[in-house]
Amino acid sequence: EIQTGRRTGGYQPTLWDFNSIQSFNSKYKEDVHLERAAALIEQVKMLLQEQVDDVRCLELIDDLRRMGISSHFDHEIAQIFNSKYFNNNETGERDLYSTALRFRLLREHGFSVSQEVFDYFKNDNVTDFNPSFAHETKGLLQLYEASFLSAQGEETLEIAREFARKFLEKRVVDHEIDDINLLTSVERALEFPTHWRVQMPNARSFIDAYKRRPDMNPVVLELAKLDINIVQAQFQQELKEASRWWNSTCLVQQLPFVRDRIVECYYWTTGVLERRQHGNERIMLTKIFALVTTIDDVFDIYGTVEELQQFTAAIQRWDIESMNQLPPYMQICYLAVFNFVNETAYDTLKEKGFNSVPFLRKAWVDLVESYLIEADWYYNGHKPSLEEYIENAWISIGGIPILSHLFFQLTDSIEEEAVESMHKYHDIVRASCTILRLPDDLGTSLDEVERGDVPKSVQCYMNEKNASEEEAREHVRSLIEQTWKTMNKEMMMSPFSKYFVEAAANLGRMAQCIYQHERDGFGMQHSLVNKMLRGLLFDSYE
Ligand SMILES: CC1(C)[C@@H]2CC[C@@]1(C)[C@@H](OP(=O)([O-])OP(=O)([O-])[O-])C2
Ligand SMILES: [Mg+2]
Ligand SMILES: [Mg+2]
Ligand SMILES: [Mg+2]
Ligand SMILES: [Mg+2]
Ligand SMILES: [Mg+2]
């Protein structure tokens, strides 16, 4: 029923208070560890350059990324991919495993290699893959992984995914995979394909798997174990700074109903911005996540319709005088956003000579307008169709200000044309926000609808199609898969900086990570996600 008056979100307090966050420490800040890591990095560079067998080289590159250390080797890896040898399409080999591995890594590195490399493995009337490959577990696994790099209309990759999934699942069920490491890799891929996995939050579990492999390289393993501890020490420093900012805003004290989740906000950024040098960007992004969470809760839980209309009007006007008409709890929200935007815009103007205020302002206005639409729907008991809902909800998830701020942070020389293209909302923005929105609905909408919120994608589909919840969830999962095809195409074509495109893809990936198993790893602090979070931020890797 429609509850009026002040509600609560039913969220638990934070698991880590200010003092516990400030007390985290790591011995891996010391030079002795940094020097050892530097020496190991040089040895792995040699390893990369010595690899004459290109499949072994591809496997090493894949392993380095999954263990979270490939950013040390960007230059060496780029050299390898740009060498003619790797780039030729008419590869002689007729081996499913190496063809699929090469295809995935080339596409992941921005080469739009054609799906036709798989034609050889299809049956005569090209409607499916040749069943003679159905017993090659390693080849099937790489074919399955490669299929997630598909853009719309790439029929062969569509067929590849179904073919590989069918036979991999069969081999798992029939216990036909004797190699425990291969079985682990297959189960891991069937749960989440590599292409959908963020790097740092998954690194620890992959290092665990790597050290059990007979073909693991001890130098690579030592570097991976040392490096994840070194990066943990860096992440802790960044988290402490973000926590000091959050504490100084006093938003938690003044708005006790909002989610106090600064650690989870910071954790999110370790998936979005995976490069060591982007520490300041992670701290800025943490602030955005915290502000979006706060305002989302004001609209979803606490504000009356009149107050929400006033807040929206004040943001639309974007002048400091507008604060006066707002109730006190909204004044502090307003000023927190206003100050944050102007502070980041100041940096962009100072460092890059570009005035980002009009674009950042538009991003925040678009967000609160979408919140107001949802609030109106809720208070009027409106049940939108799935299409009507998504048309607004890809905006109300908060990805637009996130990506707008990231655009200015991650673009070195800012061109007016690229800024306009980004802010008309380029397809890559909508794809990223949609892959952020849909897993969020799968993870949070049951709690949200129970406490009182607008029907979300799952509920809209159930209402519209008179479908069961499981049918609705399956449909939403298929929408995520479809949206990834748009994201894949945009990643290959987009005119934006490599780091921005990477962050846009990772923003959605991290939602899939936070809401894995369709539970709320953010608001409700789901234990599985919390274990991964502690493993990356707090517990050293021994
Ligand atoms: C960072 C976020 C993705 C953004 C702010 C907090 C979130 C975890 C999510 O919160 P939620 O309440 O689920 O958003 P919505 O469903 O109310 O739009 C929206
Ligand atoms: Mg909400
Ligand atoms: Mg909301
Ligand atoms: Mg809402
Ligand atoms: Mg939600
Ligand atoms: Mg919600």
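What counts as what
Residues numbered from 1 in each chain as written. Chains lettered and ligands numbered in written order. Predicted model: local features only at pLDDT ≥ 70, side-chain atom pairs only at ≥ 80, totals over all residues. Heavy atoms only, no water. Donors = N, O, S within 2.8 Å, 3.2 Å for Na, K, Ca; no water. Buried < 20%, exposed > 50% of the residue type's maximum accessible area, 1.4 Å probe, protein only. Near = heavy atom within 4 Å. Polar contact = N/O pair within 3.5 Å; in protein donor to acceptor, adjacent residues only side chain to side chain. Areas by Shrake-Rupley, 256 points an atom, 1.4 Å probe, with all protein chains shown as cover. Axes fitted to C-alpha atoms, helices over the stretch in contact; angles between N-to-C directions. Helix = DSSP H or I, 4+ residues; strand = E, 2+ residues; numbered from the N terminus. Parallel < 35°, antiparallel > 145°, perpendicular 65-115°, else oblique. Left-handed = near helix turned anticlockwise from the far one by under 90°. Contact = heavy atoms within 4.5 Å. Nonpolar A, V, L, I, M, F, W, Y, C, P; charged D, E, K, R; others polar. Lys, Arg positive; Asp, Glu negative; His and termini not counted. Salt bridge = Lys/Arg side-chain N within 4 Å of Asp/Glu carboxyl O. Core = buried A, V, L, I, M, F, W, Y, C linked by side-chain atoms within 4.5 Å. pLDDT = per-residue confidence, 0-100. Expected span 1.5 Å × (residues − 1). Phe/Tyr/Trp six-rings, centres within 6.5 Å; stacked < 30°, edge-to-face > 60°. Lys NZ or Arg CZ within 6 Å of the ring centre and 35° of its normal. Disulfide = S-S within 2.5 Å.

> Before we move on, could you go through the coordination of the magnesium ion (ligand 5) and cite the residues and values that matter?
For the magnesium ion (ligand 5), the protein coordination sphere consists of D440 (OD), T444 (OG1) and E448 (OE), at 2.1 to 2.2 Å. Spacing between the donor residues of the magnesium ion (ligand 5) along the chain follows D-x3-T-x3-E. Here D440 falls in the buried class, since its relative accessible area comes to 8%. For E448, a relative accessible area of 6% corresponds to the buried category.

> Provide a residue-level description of the site of ligand 1, including the pertinent values.
Around ligand 1 lies a shell of 16 residues, among which D296, D300, R437, D440 and K456 are the nearest. Here an oxygen atom of ligand 1 sits 2.5 Å away from a polar atom, N or O, in the side chain of R437. Contacts to ligand 1 include K456, whose side-chain N or O atom sits 2.7 Å from an oxygen atom. When ligand 1 is considered free in solution it has 440 Å² of accessible area, and contact with the protein chains removes 100% of it.

> Describe the packing of helix α14 (residues 279-302) against helix α16 (residues 328-352), and please don't skip the residues or the numbers.
Relative orientation of the contacting elements α14 and α16 amounts to 155 degrees, with a least axis distance of 11 Å. Classified by the interaxial angle, the pair formed by α14 and α16 is roughly antiparallel. In the crossing of α14 with α16, the sense of the turn from one axis to the other is left-handed. The segment α14 lies against α16, with M284, K287, I288, L291, T294, I295, V298 and Y302 engaging Y329, M330, C333, A336, V337, F340, E343 and T344. Of the residues that constitute the contact of α14 with α16, the class distribution is twelve nonpolar, two polar and two charged.

> I'd like a rundown of the coordination of the magnesium ion (ligand 2), residues and numbers included.
Here the magnesium ion (ligand 2) is held by D296 (OD) and D300 (OD), and the distances to it run 1.9 to 2.0 Å. Distance-wise, the magnesium ion (ligand 3) is placed 3.2 Å from the magnesium ion (ligand 2), both being coordinated by D296. Linking D296 with D300, this pair stays in helix α14, spanning four residues, or about one helical turn. Judged by relative accessible area, D296 falls into the buried class, the value being 13%. D300 sits in the buried class, given a relative accessible area of 7%.

> Go over the side chain of K122, please, and point to the residues and values.
Residue position: K122 is located in the loop between α6 (96-108) and α7 (137-147). Here K122 occupies a buried position and makes no salt bridge, while the nearest side chain of opposite charge, D119, is found at 4.1 Å. Those residues in contact with K122 that lie beyond four places of it in its chain are D128, F129, N130 and T156.

> Explain the side chain of Q516 to me, and be specific about the residues and the numbers.
Along the chain, Q516 falls in the loop between α24 (498-514) and α25 (527-537). Looking at Q516, the relative accessible area reads 8%, which means it is buried. Ignoring any residue separated from it by four or fewer positions in sequence, one finds Q516 in contact with F192, L528, V529 and M532.

> Run through the pattern of salt bridges, naming residues and quoting values.
On inspection of all chains with the given rule, the structure shows 42 salt bridges. Two residues, R213 and D215, come together in a salt bridge whose shortest N-O distance is 3.0 Å. Classification of D215 as partly exposed rests on a relative accessible area of 38%. A salt bridge links E238 to R282, with the shortest nitrogen-to-oxygen separation between them at 2.7 Å.

> Which residues make up the nonpolar core, and what values do they have?
Counting residues in hydrophobic clusters, the biggest one holds 184 residues, and the most contacted among them are F118, Y267, W268, F311, W364, L406 and L537. A per-element tally of this core places helix α11 (residues 218-249) first, with 13 residues. If near-sequence neighbours (up to four positions away) are discounted, W364 is found in contact with I288, L291, V292, I295, I315, W318, V337, V341, P401 and H405.

> Give me the confidence of the model for the protein chain: which residues, what numbers.
Summing up the model confidence of the protein chain, the mean pLDDT is 95 and the portion of residues at 70 or higher is 97%. If you check the scores for this complex, the pTM reads 0.96 and the ipTM reads 0.92.

> Could you give me a rundown of helix α19 (residues 399-410), with the residues and numbers involved?
Under the 1.5 Å per step criterion, the end-to-end length of α19 is 16 Å for twelve residues, consistent within 8% with the ideal 16 Å. Counted residue by residue, α19 has twelve buried out of twelve residues, so it is predominantly covered. Along α19, the residues that are buried comprise G399, I400, P401, I402, L403, S404, H405, L406, F407, F408, Q409 and L410.

> Hey, could you go over the environment of V449 for me, with residue numbers and the actual values?
Note on placement: V449 falls in helix α21 (residues 427-451). Taking the C-alpha atoms as reference points, V449 and G279, separated by 170 residues in sequence, lie 36 Å from one another. With near-sequence residues (within four places) excluded, V449 lies in contact with V454 and Q459.

> Could you give an account of the packing of aromatic side chains, with specific residues and numbers?
Counted under the stated rule, the structure contains 34 aromatic pairs. For the ring pair W196 and W484, a centre distance of 6.2 Å and an interplane angle of 20 degrees mean the geometry is stacked. Here the residue W196 occupies a position in the loop between α9 (180-191) and α10 (200-210), and W484 occupies one in helix α23 (residues 469-493), the gap between them amounting to 288 residues. With respect to class, W196 is no different from W484; both count as buried. Residues Y334 and F338 carry aromatic rings whose centres are separated by 5.8 Å and whose planes lie at 15 degrees to one another, so their mutual orientation is stacked. Of this pair, Y334 and F338 both sit in helix α16, separated by four residues, roughly a single helical turn. Note on F338: relative accessible area 13%, which makes it buried. Taken together, the ring pairs in this structure connect F299, F311, W318, Y334, F338 and Y371 into an aromatic cluster. Over the ring of Y120 we find R94, and its NZ or CZ is 4.6 Å from the ring centre. For K138, the ring lying beneath its charged end belongs to Y97, and the centroid distance is 4.5 Å.

> Please provide a residue-by-residue account of the state of the cysteines, values included.
Disulfide: a covalent bond connecting the sulfur atoms of a pair of cysteines. Applying the stated criterion across every chain, the model contains zero disulfides. C333 forms no disulfide, and the closest cysteine sulfur to it belongs to C250, at a distance of 13 Å. Note on C333: relative accessible area 3%, which makes it buried. Note on C433: no disulfide assigned, nearest cysteine sulfur contributed by C265 at a separation of 16 Å.

> Give me the packing of helix α17 (residues 357-379) against α19: which residues, what numbers.
Following both chains from N to C, one finds α17 and α19 inclined at 165 degrees, their axes separated by 8 Å at the closest point. Taken together, the axis directions place α17 and α19 in an arrangement best described as roughly antiparallel. With respect to the hand of their crossing, α17 and α19 are arranged in left-handed fashion. Of α19, the residues touching α17 (which contributes F359, L360, A363, W364 and L367) are I400, P401, S404, H405 and F408. In terms of residue class, the contact of α17 with α19 is built from eight nonpolar, two polar and no charged.

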